[in-house]
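An overview of the molecular structure
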Amino acid sequence: MSSDGVTVIAHPLVAHKLTIMRRKDTSTKSFRQLLREIALLLAYEATRDLELTSIEIETPLTTMQAPTLAGKKLVFAPILRAGMGLLEGMLDLVPSARVAHVGLYRDPATLTAIEYYFKAPEDMEDRMVIVLDPMLATANSATAAIERLKQAGAKDVRFVCLLAAPEGVARLRAAHPDVPIITAAIDDHLNDHGYIVPGLGDAGDRIYGTK
Ligand code: PRP
Ligand code: URA
């Protein structure tokens, strides 16, 4: 994790897969599959500081003290709907994680985040919560989702995305300085419609084949 709270994953597989995802002629099937694969690599980084404890186990040869995850199961919190595209890959790596669903959409005129659904596990205060959304653009959605999760008790929160705009990174860090950001890339800028440039277009539409 970098000192400014922002980690950009530097890995050749991530860079290669992201390039394919950006191409406008990449199919829905390939886009969804690549997002799942990159999610697993992002999850690896986002869970780097999960706490461990020690238990005694028996191997075929002897007994030993061995590390095991401590505390309560972590929570993945996808922001609907595009965040669901990251969830499967995360669950591939951490199959026993709990899931909190945060339903938000961007009003296309104002770019503000409108909540339409929220459901989270109990005991959020005792769990690491990893918020998932492929795109961090204005950060209105991420900021609102994290606010809502904190209202539900979340204390140890991190935000994972695929692509971020510099404007979004700055706004999210200002609104929630305690929340580290893990991303595959930080792009150039936001356009007048709040789209990340060069970006990959509308992530939800590309995952689900809608327009
Ligand atoms: C997209 C994306 C983020 C949000 C990012 O969702 O998945 O949630 O925009 O933009 P922001 O940082 O400016 O808030 P969208 O509202 O298009 O909904 P969808 O996931 O249902 O497609
Ligand atoms: N949401 C998206 O899906 N793409 C963008 O570029 C910005 C917000």
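Reading guide: rules and limits
Residues numbered from 1 in each chain as written. Chains lettered and ligands numbered in written order. Predicted model: local features only at pLDDT ≥ 70, side-chain atom pairs only at ≥ 80, totals over all residues. UniProt positions renumbered as here; feature names shortened; annotations may be inferred. Helix = DSSP H or I, 4+ residues; strand = E, 2+ residues; numbered from the N terminus. Buried ≥ 20, exposed ≤ 12 C-beta atoms within 10 Å, placed from the backbone. Contact = placed C-beta atoms within 7 Å. pLDDT = per-residue confidence, 0-100.

As recorded by an unreviewed UniProt entry, the chain carries the name Uracil phosphoribosyltransferase and is attributed to Siculibacillus lacustris. UniProt, in the comment section headed Function (unreviewed entry), describes the chain in these words: "Catalyzes the conversion of uracil and 5-phospho-alpha-D-ribose 1-diphosphate (PRPP) to UMP and diphosphate." The UniProt entry for the chain carries the following text under Catalytic activity (unreviewed entry): "UMP + diphosphate = 5-phospho-alpha-D-ribose 1-diphosphate + uracil".

What follows covers the UniProt feature "binding site: uracil" (unreviewed entry) in the chain. The residues that UniProt annotates with the feature "binding site: uracil" (unreviewed entry) are Ile 196, Gly 201, Asp 202 and Ala 203. Following the sequence through the fold, Gly 201 ends up in the loop between β13 (196–197) and α6 (203–208). Gly 201 gets classed as partly exposed once you count the C-beta atoms within 10 Å, which come to 16. Inspection of the secondary structure puts Asp 202 in the loop between β13 and α6.

Moving on: helix α3 (residues 84–93). Taken together, the buried positions of α3 are occupied by Gly 85, Leu 86, Leu 87, Gly 89 and Met 90. Elements that come into contact with the buried residues of α3 comprise α2 (28–46), β4 (75–80), β5 (98–99), β8 (128–132), β10 (156–164) and α6.

Turning next to the confidence of the model for the chain. For the chain, mean pLDDT is 96; residues scoring 70 or higher make up 99% of the total. Scored by ipTM, the complex comes to 0.97, with pTM at 0.96.

Residue Arg 81 follows Leu 80 across a cis peptide bond; omega there is 0 degrees. When you line up the elements, Arg 81 lands in the loop between β4 and α3. The peptide bond linking Val 197 to Pro 198 adopts the cis configuration, its omega dihedral lying at 5 degrees. Counting through the fold element by element, Pro 198 comes out in the loop between β13 and α6. A positive phi angle, close to 65 degrees, is found at Leu 111, a residue other than glycine. With a phi close to 60 degrees, Asp 123 is a non-glycine residue in the positive phi region. With respect to the helices, strands and loops of the structure, Asp 123 is situated in the loop between β7 (113–119) and β8. Among the residues examined, Asp 123 registers 12 C-beta atoms within 10 Å and is labelled exposed.

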